[in-house]
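Chain residues, written in single-letter form:
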Amino acid sequence: MTSKSPVRSCDDVDEQVLSYAEVKALCAGDERIKEKMDLDIDVARLKVVRADFLSNQYRLEDRLLKHFPAQIEKQQGYIQGFEADIQTAAAHPLLKEGFAGMEVNGRRFNKKQLAGEAILAARQNCKGAEPVPLGSYRGFQMELSYDSFRQEVDLTLKGVMSHRLALGTDARGNLTRIDNALAGIPGRLEAAKEQLANLENQREAAKVEVGKSFPQEAELAEKSARLAELDAALNLSEPAAPQEERGSNEERPSVLADLKQKSSQVQPPRRDTTQRTEEVL
């Protein structure tokens, strides 16, 4: 509602419900009941914290075994590819005066304007997402592809790595974008090196953290032992004795026999013979 992102945290602590024995001891003024309730909360909280600590340990182990090796190998491949592309661009330098030349759809262009117009013509015919070969420039192969989400045509310079840029509607402007993409390869190389150094630092930090024991383990063990002592002293840990079940061979009273006995005790109604004689007369 306020567009803010407050940071909150919560602990899952079970609800404390007093049993009959606890209520009885509490009414008797036993101070051990209050201590027991405080210990119940502390032990539950420490168990939640320990479970989170162990989960973090498992995540660190998984990252050491899978995540860091895969990501470090990936960044090392990026660095090697960028270094190779830098050498390719250096072998075909950008001329201060004139144009290094570009091949578009099998034709060689030595003028910027003509090369840019050829790229625009190929851009108009590109409608699919699948890459379409366009030509070559300064030792890099060029491909065109249509991005339906942005509704733009992209040009990809392919060396060891791929360098993508969006084409515009200006002929000379597109050539400038292509040269800027090649000039930006050293910056991508430095970013890959920084990412590699960051991953290696994270791996070393994870190696230090993994295998550590729970720092509050002694406190949890001490409070758990004291809680067990209080339960035993207050007789709160003993389960209630089960009720004795009726034996299977014990005779049960018969309902039918009971009804017959009651009916035999009922006196039959007395008949009025005087009224009967008068009716006959």
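Parameters and conventions
- Residues numbered from 1 in each chain as written.
- Predicted model: local features only at pLDDT ≥ 70, side-chain atom pairs only at ≥ 80, totals over all residues.
- Heavy atoms only, no water.
- Helix = DSSP H or I, 4+ residues; strand = E, 2+ residues; numbered from the N terminus.
- Buried < 20%, exposed > 50% of the residue type's maximum accessible area, 1.4 Å probe, protein only.
- Contact = heavy atoms within 4.5 Å.
- Areas by Shrake-Rupley, 256 points an atom, 1.4 Å probe, with all protein chains shown as cover.
- Expected span 1.5 Å × (residues − 1).
- Phe/Tyr/Trp six-rings, centres within 6.5 Å; stacked < 30°, edge-to-face > 60°.
- Core = buried A, V, L, I, M, F, W, Y, C linked by side-chain atoms within 4.5 Å.

J.: How do you make sense of the overall build of the chain when you look at a structure like this?
T.: Looking only at helices and strands, one finds eight helices and six strands in the chain. Taken over 281 residues, the chain has a buried fraction of 26%. Considering only contacts within the chain whose residues lie at least 6 apart along the sequence, 59% involve residues at least 24 apart. Taken as a whole, the chain presents about 20700 Å² of accessible surface, with 50% of it coming from carbon and sulfur.

J.: I tried to follow helix H3 (residues 112-124) on my own but got confused; where do I start?
T.: Because an α-helix completes one turn every 3.6 residues, residues spaced three or four positions apart along the sequence face the same direction. The end-to-end C-alpha distance of H3, which contains 13 residues, comes to 19 Å, matching closely the 18 Å that a straight helix rising 1.5 Å per residue would cover. Of all the positions in H3, only Ala-115, Gly-116, Ala-118, Ile-119, Leu-120, Ala-122 and Arg-123 are classed as buried. Elements in contact with the buried residues of H3: strand E1 (102-104), strand E2 (107-109), strand E3 (132-137), strand E4 (140-147), strand E5 (152-158) and helix H4 (171-183).

J.: What is the right way to look at the packing of aromatic side chains in this model?
T.: Two measures describe an aromatic ring pair: the distance that separates the ring centres and the angle between the ring planes. The tally for this structure, following the rule as stated, stands at three aromatic pairs. With a centroid separation of 5.7 Å and 55 degrees between ring planes, the pair formed by Phe-53 and Phe-214 is classed as tilted. One end of the pair, Phe-53, is in helix H2 (residues 31-91); the other, Phe-214, is in the loop between helix H5 (185-209) and helix H6 (217-233), with 161 residues separating them in the sequence. Assessed through its relative accessible area of 19%, Phe-53 is described here as buried. By relative accessible area, which is 7% here, Phe-214 ends up buried. When the ring of Tyr-78 is compared with that of Phe-82, the centres are 6.4 Å apart and the planes differ by 40 degrees; the resulting orientation is tilted. Taken as a pair, Tyr-78 and Phe-82 lie in helix H2 at a separation of four residues, close to a single helical turn.

J.: Would you mind going over the nonpolar core with me for this structure?
T.: The tendency in soluble globular proteins is for nonpolar side chains to be buried as a group. The biggest cluster of nonpolar side chains holds 37 residues, and the ones touching the most others in it are Met-102, Leu-155, Leu-157 and Ile-178. Breaking this core down by element, the ones donating at least two residues are H2, E1, H3, E3, E4, E5, H4 and H5. It is H2 that provides the largest number of residues to this core, a total of seven residues. Residues contacting Leu-157, with those up to four places away along its chain left out, are Phe-140, Gln-141, Met-142, Ser-162, His-163, Leu-165, Ile-178, Ala-181 and Leu-182.

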